Amino acid sequence: MAGFGWKLHGDGRHLEPGEVVKPGERLTWGRTIGLGAQHVVSMIGACFVAPVLMGLDPGLALMASGVATMLFMLMTRGRIPSYLGSSLSFVGVSAVIAGQGGDAGTLTGAMLVVGACLAGCGIAIHILGARVIHAVLPPPVTGAVVMLIGFNLAPVTAQTYWPQDQWTALATMLFTGLALVVLRGFWSRIAIFLGLLFGYVLSWVLDRTAGQIHSADGSGKITDHFRIDFSGVAQADWIGLPTFHAPNFSASAILVALPVLVALVAENAGHVKAVGEMTGDPLDDKMGMAIVADGTATVLSTAVGGPATTTYAENIGVMAATRVYSTAAYTAAAVFALLFGLCPKFGAVVAAIPGGVLGGITVILYGMIGLLGAQIWIRNKVDFTVPLNLIPAAAGIVIAIGGVTLKISDNFELGGIALGTLIVLTGYHSLRWLSRAAGRRGAPLLDAGTTGYDDGAAGKGD
C-alpha cells in the first residue's frame, strides 16, 4: 500500500535481479534503518554546505530537513520517496542580498516568500492537473532539466571536494563503484555508505602514516593540514539546540529571490518525474501536492531561521543505486536527521568528513542524477534529430553546467540551474510556436488527457 503500513517485500532480505522495493514496501526494519542512515550520509554534505555558504546554522538545517521530510511524507501520503534537504538554489541569492546589506533574517524572509509562492504554484497544479506540467515540461524539456540539475552539481565536486585530496577521492570513487557493481544483497544497497566509511578510514590512516597534506582546505586555501580535523568534535556538546532567528522582509531582497521560483518548480517536477520513472509508478496525480509540500516545508524552515528546502537529487542517486524506493527508509532518515540536529557532537563528526571522501562519492552520485535525464529521453523516445528537441536542451545544459551567467542589473543576475532551465523552457516553447506559425504541425501539448504523453508520443517532437 502507498501509505504508512509498509508491506514486507518478499522475505525482507533479498532482491532478485530486476526487482525493486516499491514505496509502499520495506525490507526488514534493521535493513530499512540502515538504508535510512545511508540516505542521511548521502544528503549530509549538501545539507551542511548550503547553510554554511549562506551564513545559516547547519545544525538547524539538519533538524529542519528531518521535519520537512516527515511533512513531505504526510502530505504525499507516502507515495513519493524523496528527502527534503537544504536548497543550494539560493546560495547566489544570499550573496546578492548580503551585498545589499541584508542579514540572515533578510535572506530567510525572502526565502519564506518564495516558499509560499512555490506552495501556491503547487496548489494550482494540483487543481488544474498534471496536464499543466505536461504542457510546460514535456519529455524533451523534463529530461534536460533533470540532466542539468545533476550535472550542474559537478563543479561542487571538481572545485570544492576533489582538490582537497585527489588520491583519496580517486580511491573512494573506485571503491564505491566496485562495491556498487560487485557486492550483492544488502551490502550492495549500502555501497555508498561503505564508500564513505572506506574513505574516512583511509584518510585517518594516511594522516598517521603520511602526515599532513599540502592542498586546499574546506575554505579553498592552499595549506598544510591533516585530512581529518577532530578538534571540533572534542569541543562540541552531546545535546543542544541549534540557533533560531526570526525572518524579516525586504522588498528588494524578495525581488532578488523570486526568479529562483522558476528553477524550484522545474526542479521539483523533474525530481518527481525521475522518481516516477525509476519506480514505474506514474506520480502525476501527486506532483502538485509534492510541490505544495516542498513550499510548505520551506515556509516552516525559514520561519525559524533555517534554509529553504528542496527534494534532494543526491538521495535519488542512492535509490538508483540500491533499487530500494521504500518511504520507510526516508522516514528512518528523517528521524535520524531530527535527532542528529539535537546533537552538536554528531554535527561536528559530519563536518569532519574529509572533502576528498565527499569528492569520490559525489562524482558518482551527481553523474547518476544527470543520467536519469537521459533515461527520461530514452523511455519517451525523444528524437534529437528534431531541432526543436535538440537546440533548447543543448543550450540549457551547457549554460547550467558551464556556469554561464546573465547580468540583468547591477544587483541581479541569473545563472546555473535557473538560467539553464529558463533557456530550455522558453527556447522549446518559443521554437514550437514559431514552427507552428511557419506552417509545421505537431501534436498538441494540451489535449483531453495525458495518454499521448504516457505512451511517449509527446516526447517525439514534431
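Here, the structure is the one placed above.
Since this is a predicted model, take the numbers as computed values, not measurements. (Residues numbered from 1 in each chain as written. Predicted model: local features only at pLDDT ≥ 70, side-chain atom pairs only at ≥ 80, totals over all residues. Heavy atoms only, no water.)

(A) A look at the overall build of the chain. Helices and strands together make up the secondary structure of the chain, namely 21 helices and eight strands. Across the 462 residues in the chain, those meeting the buried criterion constitute 53%. Taking all contacts inside the chain whose residues are at least 6 apart in sequence as the whole, residues at least 24 apart take part in 78%. Summed over all atoms, the accessible surface of the chain reaches about 18800 Å², with 67% contributed by carbon and sulfur. (Helix = DSSP H or I, 4+ residues; strand = E, 2+ residues; numbered from the N terminus. Buried < 20%, exposed > 50% of the residue type's maximum accessible area, 1.4 Å probe, protein only. Contact = heavy atoms within 4.5 Å. Areas by Shrake-Rupley, 256 points an atom, 1.4 Å probe, with all protein chains shown as cover.)

(B) Structural context of the packing of aromatic side chains. Taken as a whole, this structure holds three aromatic pairs when the rule is applied. Both rings, one in Trp-6 and one in Trp-29, keep their centres 6.0 Å apart while their planes meet at 85 degrees; by these two values the pair is edge-to-face. One end of the pair, Trp-6, is in the segment before strand S1 (7-8); the other, Trp-29, is in helix H1 (residues 29-54), and 23 residues separate them in sequence. The class for Trp-6 is buried, based on a relative accessible area of 17%. (Phe/Tyr/Trp six-rings, centres within 6.5 Å; stacked < 30°, edge-to-face > 60°.)

(C) Expanded view of the packing of helix H8 (residues 166-182) against helix H10 (residues 191-209). For the pair H8 and H10, the least separation of the axes is 9 Å and the interaxial angle reads 150 degrees. With respect to each other, H8 and H10 are oriented roughly antiparallel. Pair H8 / H10 crosses with right-handed handedness. Between H8 and H10, the residues in contact are Thr-168, Ala-171, Thr-172, Phe-175, Thr-176, Ala-179 and Leu-180 and Ala-191, Ile-192, Leu-194, Gly-195, Phe-198, Gly-199, Leu-202, Ser-203 and Leu-206, respectively. Residues belonging to the contact of H8 with H10 are distributed by class as follows: 10 nonpolar, six polar and no charged. (Axes fitted to C-alpha atoms, helices over the stretch in contact; angles between N-to-C directions. Parallel < 35°, antiparallel > 145°, perpendicular 65-115°, else oblique. Left-handed = near helix turned anticlockwise from the far one by under 90°. Nonpolar A, V, L, I, M, F, W, Y, C, P; charged D, E, K, R; others polar.)

(D) The nonpolar core, seen in detail. By size, the foremost hydrophobic cluster in this structure holds 93 residues, and its most contacted members are Met-43, Ile-44, Phe-90 and Trp-377. Counting residues in hydrophobic clusters, the runner-up holds six residues, among them Val-21, Leu-27, Val-324 and Ala-329. (Core = buried A, V, L, I, M, F, W, Y, C linked by side-chain atoms within 4.5 Å.)

(E) Representation of the pattern of salt bridges within the structure. For the structure shown, the criterion picks out two salt bridges. Among the salt bridges present, the one from Asp-165 reaches Arg-227, with a minimum N-O distance of 3.1 Å. Pair noted here: Asp-165 is in the loop between helix H7 (154-161) and H8 and Arg-227 is in the loop between strand S5 (222-225) and helix H11 (231-235), with a separation of 62 residues, a long-range link. Residue classification places Asp-165 among the buried residues on the basis of a relative accessible area of 6%. By relative accessible area, Arg-227 is classed as buried at 14%. For Asp-207, the salt bridge goes to Arg-227, with nearest N and O atoms at 3.1 Å. Of this pair, Asp-207 sits in helix H10 while Arg-227 sits in the loop between S5 and H11, and the two are 20 residues apart along the sequence. When salt bridges with common partners are traced through the structure, they connect Asp-165, Asp-207 and Arg-227 into a single cluster. (Salt bridge = Lys/Arg side-chain N within 4 Å of Asp/Glu carboxyl O.)

None of the figures reported here should be taken as evidence of function without further support.
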